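Given next are the chains, with one letter for each unit.
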Amino acid sequence: FQAKKFRIGAEFYQKQLPEFSERQVLLRGQLSRAVELKQFILVYQPKVSLPDGKLIGAEALARWQHPEEGLLSPDSFIELVEQGGIIHSFSRLVINEAVRQVSVWLATGKTIPVSINLSVYNLADIDLVPFIKEQLEQFKVPAHLLEVELTESATMVDITVTKKAFTDLRNLGVKLSIDDFGTGMSSFAYLRELDVDFVKIDRSFVASMMDDKRNELVVQGLISMCHSMGKIVIAEGIETEQQAHKLHELGCGIAQGYYFAKPCFAEDMQQYMEHNN
Ligand code: C2E
Ligand code: MG
Ligand code: MG
Ligand code: MG
């Protein structure tokens, strides 16, 4: 943190400002233009059923095709997009591209539900749901093939706003998913209040599950609790066969992770589909 002094009236205040690296400052300055120029693409990571590994859907993950730096991951720019006040136009690019891709797959006879990630800031955008509706109509994509993922911590920022957005999306027919579940420290009572179809168990739980019986019991507890509330459980970040086996044993029906497939370009998904249907 960097201390900055500034003057209000006659007094000086110390304010803690988050410190940005030189690179972040540079990227931040380029972002609005990158959105205008549509320098973003989506890669798709398969979601598969356990234990057979059949493709049941895909998650769309954003990448910035940076003119000098190459393909950048969201960890290096999503926060900057959110802080730069351009998350509304950024998410519209994502929605447009994901819906278009689903329609392309449909046209080739493949029905693949696709999930997109939204930011907490998108929930306050009153034009978001009408935009999604318009995109689904334009590309003739059935709403149930689109899924919105929102992290557990994002859902908790303002429960009233979240519930309103979720209700509007659900009325449209879009599916809902809580992402990174287990990291947000929300209560189980709270999960019951949120009308979502899917709960994605954060990959940190999957990673620690094999080390220690207690960690395994935690995952088991999360899965059975979600099931008892009627949610479909998806485990994230499966990297080994052992983890896949264990999750199946614990009753988890859907998995996503490098063990099955890394995120890939839309064209490569086509190939994956042909082999894992
Ligand atoms: P997420 O939604 O939880 O997505 C899963 C992340 O875990 C992805 O990282 C994915 O590549 C990675 N992953 C998948 N399987 C494995 C595995 O087996 N091992 C490991 N170590 N990692 C795995 P990615 O693509 O870098 O995205 C990071 C985060 O950025 C996402 O986490 C999501 O929160 C955010 N994000 C991505 N795309 C978008 C977007 O279009 N909009 C918004 N608002 N956020 C996005
Ligand atoms: Mg996600
Ligand atoms: Mg996640
Ligand atoms: Mg995440």
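I will try to describe carefully the structure that is included in this document. (Residues numbered from 1 in each chain as written. Chains lettered and ligands numbered in written order. Predicted model: local features only at pLDDT ≥ 70, side-chain atom pairs only at ≥ 80, totals over all residues. Heavy atoms only, no water.)

### Description of the environment of Thr111
Point 1. Mapped onto the fold, Thr111 is located in the loop between helix H3 (87–107) and strand E6 (114–117).
Point 2. Each C-alpha atom, one on Thr111 and one on Ile56, is 9.1 Å from the other, the two residues being 55 residues apart in sequence.
Point 3. Setting aside anything within four residues of it in sequence, one finds Thr111 in contact with Leu106 and Leu145. (Helix = DSSP H or I, 4+ residues; strand = E, 2+ residues; numbered from the N terminus. Contact = heavy atoms within 4.5 Å.)

### Describing the coordination of the magnesium ion (ligand 3)
Point 1. Distances from the magnesium ion (ligand 3) to its protein donors, Asp179 (OD), Asp180 (OD), Glu236 (OE) and Glu236 (OE), fall at 2.0 to 2.4 Å.
Point 2. As a motif over one chain, the donors of the magnesium ion (ligand 3) read D-D-x55-E.
Point 3. The distance between the magnesium ion (ligand 3) and the magnesium ion (ligand 2) comes to 4.1 Å, and Asp179 binds to both of them. Placement of Asp180 in strand E8 (residues 175–181) and of Glu236 in the loop between strand E10 (232–235) and helix H10 (241–249) is noted, with a sequence separation of 56 residues between them.
Point 4. Judged by relative accessible area, which is 24%, Asp180 ranks as partly exposed.
Point 5. The class of Glu236 is buried, set by a relative accessible area of 10%. (Donors = N, O, S within 2.8 Å, 3.2 Å for Na, K, Ca; no water. Buried < 20%, exposed > 50% of the residue type's maximum accessible area, 1.4 Å probe, protein only.)

### Considering the coordination of the magnesium ion (ligand 2)
Point 1. Ligation of the magnesium ion (ligand 2) by protein atoms is provided by Glu59 (OE), Asn117 (OD1), Glu149 (OE) and Asp179 (OD), these donors lying 2.0 to 2.2 Å from the ion.
Point 2. Written as a sequence motif, the donor arrangement for the magnesium ion (ligand 2) is E-x57-N-x31-E-x29-D.
Point 3. Of the residues examined, Glu59 reaches a relative accessible area of 4% and is grouped as buried.
Point 4. The class for Asn117 is partly exposed, based on a relative accessible area of 28%.

### Observations concerning the site of ligand 1
Point 1. In the vicinity of ligand 1 lie 24 residues, with Arg63, Asn117, Asp179, Glu239 and Tyr258 positioned nearest.
Point 2. Between ligand 1 and Asn117, the relevant distance is 2.9 Å, taken from an oxygen atom to a side-chain nitrogen or oxygen of the residue.
Point 3. Between ligand 1 and Glu239, the relevant distance is 2.5 Å, taken from a nitrogen atom to a side-chain nitrogen or oxygen of the residue.
Point 4. Within the complex, 86% of the 800 Å² of free accessible area of ligand 1 lies under protein.
Point 5. When residues of the shell around ligand 1 are assigned to their parent elements, the largest contribution, four residues, is made by strand E4 (residues 55–66). (Near = heavy atom within 4 Å. Polar contact = N/O pair within 3.5 Å; in protein donor to acceptor, adjacent residues only side chain to side chain. Areas by Shrake-Rupley, 256 points an atom, 1.4 Å probe, with all protein chains shown as cover.)

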